[in-house]
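Observations on the model geometry
Now for the letters of each chain:
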Amino acid sequence: MGVVLAEDNALLRHGLVRLIGAADDIILLGSAADLPGLEQLIEEHSPDVVVTDIRMPPAHSDEGIAVAARLRTERPGTGVLLLSQYVEATYALRLLSDGTARRGYLLKERVADGDELVDAIRRVAAGGSVIDPTVVEGLVAANRQQPSELDALTPRETQVLGEMAQGKSNAAIAASLVLSERAVEKHTNSIFSKLGLSEERDLNRRVSAVLVYLQNR
């Protein structure tokens, strides 16, 4: 798969280039230090995945989020993996507001583990999603005391939904929680029913359930 990278910190950018370039199944098509450079790389190479910082020159605001939103419309098949130095729940919600497919949000502290970074790129390229567990935990802690739609879920269903919010398949959830896939399927169907998502298609139900989880926990 072809990947382009954007990171304004030169030292981190060079490290990311080495980590990504070491994967046998990934071709690093180019790297940029700012938004104009990233946009040029995307136009020239039509990458499968864009790995980008959220805040970049020239404005150092939300350039990565803006790129992800634009690509959702202009190049829906292109995945975006955002890298952030901080736990920014609002950025995560904005990234996923138009769907979780081919979207990822990873803290920069994770990139020291090259395997975790490369695995996230692969999952995003395959149409999945990756949400840093620390971001999920932050959202839960920030809103734990507020009534929400999630109050109707059992503790186990809440666990399953939390795993789902990290972009995991039923098989991966089963392995993580030491359950059978059939048990996970029953829990997910119950979650969809309690959240009023029973009439939607399965993919849409997963996306909608994750958004409810992030917005209310």
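Attention here is on the structure that accompanies the text. (Residues numbered from 1 in each chain as written. Predicted model: local features only at pLDDT ≥ 70, side-chain atom pairs only at ≥ 80, totals over all residues. Heavy atoms only, no water.)

**With respect to the overall build of the protein**
What the protein contains, in helices and strands, is ten helices and six strands. A buried classification covers 48% of the 217 residues belonging to the protein. In the protein, the proportion of contacts linking residues at least 24 apart, taken out of those at least 6 apart, comes to 66%. Within the structure as shown, the protein displays about 10,200 Å² of accessible surface, and the carbon and sulfur contribution to it stands at 48%. (Helix = DSSP H or I, 4+ residues; strand = E, 2+ residues; numbered from the N terminus. Buried < 20%, exposed > 50% of the residue type's maximum accessible area, 1.4 Å probe, protein only. Contact = heavy atoms within 4.5 Å. Areas by Shrake-Rupley, 256 points an atom, 1.4 Å probe, with all protein chains shown as cover.)

**Regarding the packing of helix H7 (residues 155–165) against helix H9 (residues 181–194)**
When two helices pack together, their arrangement is given by the angle between the helix axes and the distance between those axes. Their axes nearest at 9 Å, the elements H7 and H9 cross at an angle of 95 degrees. By the criterion of interaxial angle, the relationship of H7 to H9 is roughly perpendicular. Between H7 and H9, the contacting residues are Arg156, Glu157, Val160, Leu161 and Met164 on the first element and Val184, His187, Thr188, Ser190, Ile191, Phe192 and Lys194 on the second. Among the residues making up the contact of H7 with H9, the classes are represented as six nonpolar, three polar and three charged. (Axes fitted to C-alpha atoms, helices over the stretch in contact; angles between N-to-C directions. Parallel < 35°, antiparallel > 145°, perpendicular 65-115°, else oblique. Nonpolar A, V, L, I, M, F, W, Y, C, P; charged D, E, K, R; others polar.)

**Remarks on the environment of Tyr86**
By the secondary structure assignment, Tyr86 is in the loop between strand E4 (79–84) and helix H4 (89–96). Residues within four places of Tyr86 in sequence aside, it is in contact with Arg55, Tyr105 and Leu107.

**Topic: the sheet that holds strand E1 (residues 2–6)**
Pairing in this open sheet of six strands is parallel, and the strands run E2-E1-E3-E4-E5-E6 from one edge to the other. Both edges of this open sheet fall to strand E2 (27–32) and strand E6 (129–131), since each of them pairs with a single strand only. Here the strands of the sheet are splayed against their neighbours by 20 degrees on average, with no regard to which way each runs. Note: E1 against strand E3 (residues 49–53), four bridges, orientation parallel. Counterpart to Leu5 in the pairing with E3 is Val51. Sheet contacts for helix H1 (residues 10–21): E1, E2 and E4; angle to E2, the most-contacted strand, approximately 170 degrees. On the sheet, H4 packs against E4, strand E5 (103–107) and E6 and is oriented at approximately 165 degrees with respect to E5. (Pairing = 2+ DSSP bridges.)

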